Amino acid sequence: MIRRASLVIVGALMGATAMSVIYSAGMPAQAAGPSTYKELSIFGDVFERVRAQYVTPPDEQKLVENAINGMLTSLDPHSSYMNAKDAEDMRTQTRGEFGGLGIEVTMENELVKVITPIDDTPASKAGILAGDFISEIDGKPVRGLKLEEAVEKMRGAVNTPIKLTVIRQGADKPLDITVVRDIIAVRAVKSRVEGGNIGYLRVISFSEKTYDDLEKAIKKIKAEVPADQLKGYVLDLRLNPGGLLDQAINVSDAFLERGEVVSTRGRNAEETRRFNAGPGDLTDGKPVIVLVNGGSASASEIVAGALQDLRRATVVGTRSFGKGSVQTIIPLGDAGALRLTTALYYTPSGKSIQGTGINPDIKVEQPLPPELQGRVRAEGESSLRGHIQGAAETEEGSGSVAYVPPETKVDIQLNYAMDLLRGDKTDPAFPPNPEKAAANIKK
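What you are looking at is a predicted structure, and each value in this text was computed from that prediction instead of being measured. (Residues numbered from 1 in each chain as written. Predicted model: local features only at pLDDT ≥ 70, side-chain atom pairs only at ≥ 80, totals over all residues. Heavy atoms only, no water.)

Caption draft 1: Representation of helix α9 (residues 412–422) within the structure. Within α9, 8 of the 11 residues are buried, which leaves it mostly tucked inside the rest of the structure. Among all positions of α9, only Gln413, Leu414, Tyr416, Ala417, Met418, Asp419, Leu420 and Leu421 are buried. Where the residues of α9 are buried, they touch β12 (189–194), β13 (198–203), β14 (232–236), β17 (288–292), β18 (314–317) and β21 (362–363). One or two residues past the end of α9 sits Gly423, with phi positive at roughly 85°. (Buried < 20%, exposed > 50% of the residue type's maximum accessible area, 1.4 Å probe, protein only. Helix = DSSP H or I, 4+ residues; strand = E, 2+ residues; numbered from the N terminus. Contact = heavy atoms within 4.5 Å.)

Following this line, the structure appears as structure tokens:
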């Protein structure tokens, strides 16, 4: 059976569903009441009992980590404790650079299948080809591993070798290929020209490289298509789990001349922060359609909400995930870190999407292929146990099916967007009326 989700070796942003703001230090804490410290004393007693009397000697570090995580996960699904390894993985993810091989892979028939080697990376230079099956990693079989586990084994320090045993169609026997790991810069934005006159921009994640990659992609499209022939842009945020707040703001600003992009509101009124766009629309005012689905979360919802509220773009697809909370990363001792929900974010019109999501201007469903029907269900923030109740959340909840077909010809949502841009389809929501956004624009 084929697992359709693909990963870039030492380059996939795994589990990056939370939008993160990184600070160098935490806020000072107020002293707790006497009863709280009494409960902490009881916790100490329980810990000592477990450590001394449990039937088998427990891992004391894991006991403490699990206790901390138990406290944090009782708050909401996005607060957590990260040990040194987890914290370093998070920092690596947000940088968008990884020590690895440079291949996109999937799992097929219990083997790692190479979708494509990335140009000018160690894998392509070593002779890894699209369609190769990796059966062994450093002499150990891949069978029995999950895709993520195989990816983890192929991660490693720069300039360290790894031996891959490859099964290649047409080869008489398996090939042993040694690859020396190097820094892999993973593209946060993929782009292409569709049909000769539409710029397609897919934002994969919101890492430190996202805005720069977006700017380069738009420049490349402009160089390929004369301005008088370019019909507009499709900004594809489907299956985008989010990432950094500042990158969400920058990406929104890339399409705007002015207006509030997003505001964040914390526990106290004085913690409210507003972020505005500045002059300079990278697309020169060309029409924009944003694609979203149930896999669009956090930072991607900030972008969709800003462009929708300010009437800069028409949103097409299905309801987004509905994660409207901000996580602050607070460094702790021994290089660990605390991921703590500290605020909720609001679109320019003052709407919280927590537990509700972004509703598209034009709803277009993407049907599931027969092999996935009955196996994939709609999920969103509102279905997560212990999630923060959104101000506008209803029983309808948030989210929708998160599926994007691998081929453009069967991608109904993308083709609908392109038909709108070319004028082959019409809808009252496209193009949006900028005058309706006047109340949202901060001059």
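Caption draft 2: A look at the environment of Gly127. Along the chain, the position of Gly127 falls in the loop between α4 (122–126) and β7 (133–137). The spatial distance from the C-alpha of Gly127 to the C-alpha of Val179 is 9.1 Å, given a sequence separation of 52 residues.

Caption draft 3: Expanded view of the sheet that holds β12. Taken in spatial order, the 6 strands make up an open sheet running β12-β13-β14-β17-β18-β21, and their pairing is mixed. Each edge of the open sheet is held by one strand with a lone partner, namely β12 and β21. On top of the sheet, helix α6 (residues 210–224) reaches β12, β13 and β14; it is set at about 15° to β12, its chief contact. (Pairing = 2+ DSSP bridges. Axes fitted to C-alpha atoms, helices over the stretch in contact; angles between N-to-C directions.)

Caption draft 4: How the structure looks around the environment of Gln93. Counting through the fold element by element, Gln93 comes out in helix α3 (residues 84–95). A residue is classified by how much of its surface remains accessible, and Gln93, at 15% relative accessible area, is buried. For the pair Gln93 and Asp172, spaced 79 residues apart in the sequence, the C-alpha separation amounts to 39 Å.

Caption draft 5: Expanded view of the nonpolar core. Among the nonpolar cores identified, the biggest contains 43 residues, and Leu201, Leu235, Phe255 and Val290 are the most heavily contacted of them. The set of elements that each furnish at least two residues to this core consists of β13, α6, β14, α7 (245–253), β15 (260–266), β17, α8 (299–309) and β20 (337–346). Top contributing element to this core by residue count: α8, with 6 residues. When near neighbours in sequence (up to four residues on either side) are disregarded, Phe255 contacts Leu201, Leu214, Leu235, Asp281, Thr283, Val288, Leu307 and Arg312. Within the second largest apolar cluster, 20 residues are counted, among which are Ile103, Val105, Val114 and Ile134. (Core = buried A, V, L, I, M, F, W, Y, C linked by side-chain atoms within 4.5 Å.)

Caption draft 6: Quick look at the UniProt feature "domain: PDZ" (unreviewed entry) in the protein. What UniProt calls "domain: PDZ" (unreviewed entry) maps, in this numbering, to residues 87–157. Here residues 87–157 runs as 31% helix and 34% strand, with 17 Å between its end C-alpha atoms. (UniProt positions renumbered as here; feature names shortened; annotations may be inferred.)

Caption draft 7: Local environment of the packing of aromatic side chains. Scanning the model with the defined rule gives 0 aromatic pairs in all. The side chain of Arg265 reaches across the aromatic face of Tyr346, ending 3.8 Å from its centre. (Phe/Tyr/Trp six-rings, centres within 6.5 Å; stacked < 30°, edge-to-face > 60°. Lys NZ or Arg CZ within 6 Å of the ring centre and 35° of its normal.)

Caption draft 8: Quick peek at the pattern of salt bridges. Tallied over the entire structure, the rule returns 23 salt bridges. For Asp89, the salt bridge identified is with Lys85, shortest N-O distance 3.2 Å. One end of the pair, Asp89, and the other, Lys85, are both in helix α3, 4 residues apart, so they sit about a helical turn from each other. Accessibility expressed as a relative area gives 23% for Asp89, which makes it partly exposed. (Salt bridge = Lys/Arg side-chain N within 4 Å of Asp/Glu carboxyl O.)

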